[in-house]
Amino acid sequence: YKLSVAPEMDIMEYCRKEWRGNTPVAKRMRKGYEAVAQKFASIRRVRGDNYCALRATLFQALSQATQLPSWLQSEDFTMLPEKLLSKYDWIKQWQLKQKLGRKMGEISDEIKEYLILFRKKWKSISEIKGPVEKQEACDKLFKNEEEEYSLYEALKFLMLNTAIELYNDDKNGRRVPVFSWLLFARDTSSNPCQLMRNHLNHIGHSGGLEQVEMFLLAYALQYTIQVYRLYKYSTDEFITLYPNDPEEDWPVVTLITEDDRHYNIPVRMCQETML
């Protein structure tokens, strides 16, 4: 098996290995890692394909899940594909992960399967009490390629659903978060259909998540994503929150990035910061 999330390693040791030189960039990265090391003892490298933002976020969310979020409990959660396809014909152009010999028209069944798996995995992992066992269950899940990539398909579909809701809210004069305007202000995603065609369909294949899509991911999961952006060390953006005005009851996951493209995860909070 290829482990999608590597075993943990001491943060400063990792930093020394990666950033040896004396260039301004290397110095800044080292300072950034030192700041992260005040809070976290270890780092786990996340496999660097175009799913890494989804992978890092979902892995962190599952590792600390203690219950099934309310939006995952709702009866009609798994009916989402049928519901959306009945309203928006263009969703038929959703790009499913490459499977040979799939006929059109099975798209809603397939996404439904992914959503069912998503809920089942979240439920079973959140019910594990011991931290060691919970971690083992997460590691096992992220070694199973078939299941792991199915979860990303589910997550991308939830992002699409969230985008449609925000777009409609805005059109109907309801208040929407600022990122939603930015999301639909791009030439390539002026509506949910374009967002799907030009962005969501490419995540994992030919591109990762852009900044504004990190907000969409946070809203889809109803999690605050806190990111240490190391190349922004000593600026206001060193620690960035998606969304930047989070709901108080949303749980928080923490990621690390050196370039806003690839994300790794810090683990093992230092004792004094937990108090």
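Given the structure is predicted, the values throughout are model-derived calculations rather than measurements. (Residues numbered from 1 in each chain as written. Predicted model: local features only at pLDDT ≥ 70, side-chain atom pairs only at ≥ 80, totals over all residues. Heavy atoms only, no water.)

Quick look at the sheet that holds strand β2 (residues 40–44) now. On the basis of which strands lie adjacent, the open sheet formed by 6 strands has the order β1-β2-β6-β5-β3-β4 and mixed pairing. The open sheet has two edge strands, β1 (9–10) and β4 (239–242), and neither has a second partner. Bridge count between strand β3 (residues 224–229) and β4: 4 bridges; the pairing is antiparallel. Paired with Q226 across the bridge in β4 is L241. (Pairing = 2+ DSSP bridges. Helix = DSSP H or I, 4+ residues; strand = E, 2+ residues; numbered from the N terminus.)

Once that is clear, we can look at the side chain of T78. Following the sequence through the fold, T78 ends up in the loop between α4 (70–73) and α5 (80–87). The exposure class of T78 is buried, given its relative accessible area of 9%. For T78, the contacting residues outside a window of four places in its chain are K112, L115, I116 and R119. (Buried < 20%, exposed > 50% of the residue type's maximum accessible area, 1.4 Å probe, protein only. Contact = heavy atoms within 4.5 Å.)

The feature "active site" (unreviewed entry), as given by UniProt, occupies D49, C52 and H262 in the numbering adopted here. These residues run over 214 residues, yet every pair of their C-alpha atoms falls within 8.4 Å of each other. Structurally, C52 can be placed in helix α3 (residues 52–63). Apart from residues no more than four positions distant in its own chain, C52 is found in contact with V46, R47, R261, H262 and Y263. Along the polypeptide, H262 turns up in the loop between β5 (252–257) and β6 (263–269). Apart from residues no more than four positions distant in its own chain, H262 is found in contact with V46, R47, G48, C52, I256 and T257. Reaching out from H262, the side chain makes a polar contact with the backbone oxygen of V46 at a distance of 3.0 Å. (UniProt positions renumbered as here; feature names shortened; annotations may be inferred. Polar contact = N/O pair within 3.5 Å; in protein donor to acceptor, adjacent residues only side chain to side chain.)

So, on to the pattern of salt bridges. Counted under the stated rule, the structure contains 17 salt bridges. The salt bridge partner of E148 is R55, with a shortest N-O separation of 2.7 Å. Here E148 is found in helix α8 (residues 145–171), whereas its partner R55 is found in helix α3, with 93 residues between them in sequence. Like E148, the residue R55 is buried in the burial classification. (Salt bridge = Lys/Arg side-chain N within 4 Å of Asp/Glu carboxyl O.)

This brings us to a nonpolar patch on the surface. Where nonpolar side chains cluster on the molecular surface, the patch consists of V178, W181 and L182 and spans about 330 Å² of accessible area. Along the polypeptide, L182 turns up in helix α9 (residues 178–185). (Patch = residues over 30% accessible without salt bridge, like charges linked within 9 Å, V, L, I, M, F, W, Y side chains within 5 Å. Areas by Shrake-Rupley, 256 points an atom, 1.4 Å probe, with all protein chains shown as cover.)

When we look at burial in helix α7 (residues 131–141), the residues that qualify are K134, C138, D139 and L141. The buried side chains of α7 occupy one side of the element, clustering within an arc of 165° when seen end-on. With respect to the buried face of α7, the exposed residues turned more than 90 degrees away are V132, E136 and K140. (Arc of directions from axis to C-beta.)

Okay, the environment of L166 next. With respect to the element layout, L166 can be found in helix α8. Residues L166 and P7 lie 159 residues apart in sequence; the distance between their C-alpha atoms is 38 Å.

This brings us to the environment of N50. Counting through the fold element by element, N50 comes out in the loop between β2 and α3. N50 gets classed as partly exposed once you look at its relative accessible area, which sits at 29%. It is 6.9 Å that separates the C-alpha atoms of N50 and S206, two residues lying 156 residues apart in sequence. Those residues in contact with N50 that sit more than four places away from it in its chain are I203, G204, H205, S206, G207 and G208. Polar side-chain contacts of N50 include one of 3.2 Å to the backbone oxygen of H205.

This next bit is on the side chain of R55. Judged by relative accessible area, which is 0%, R55 ranks as buried. Side chain to side chain, R55 and Y149 meet in a polar contact 3.1 Å long.

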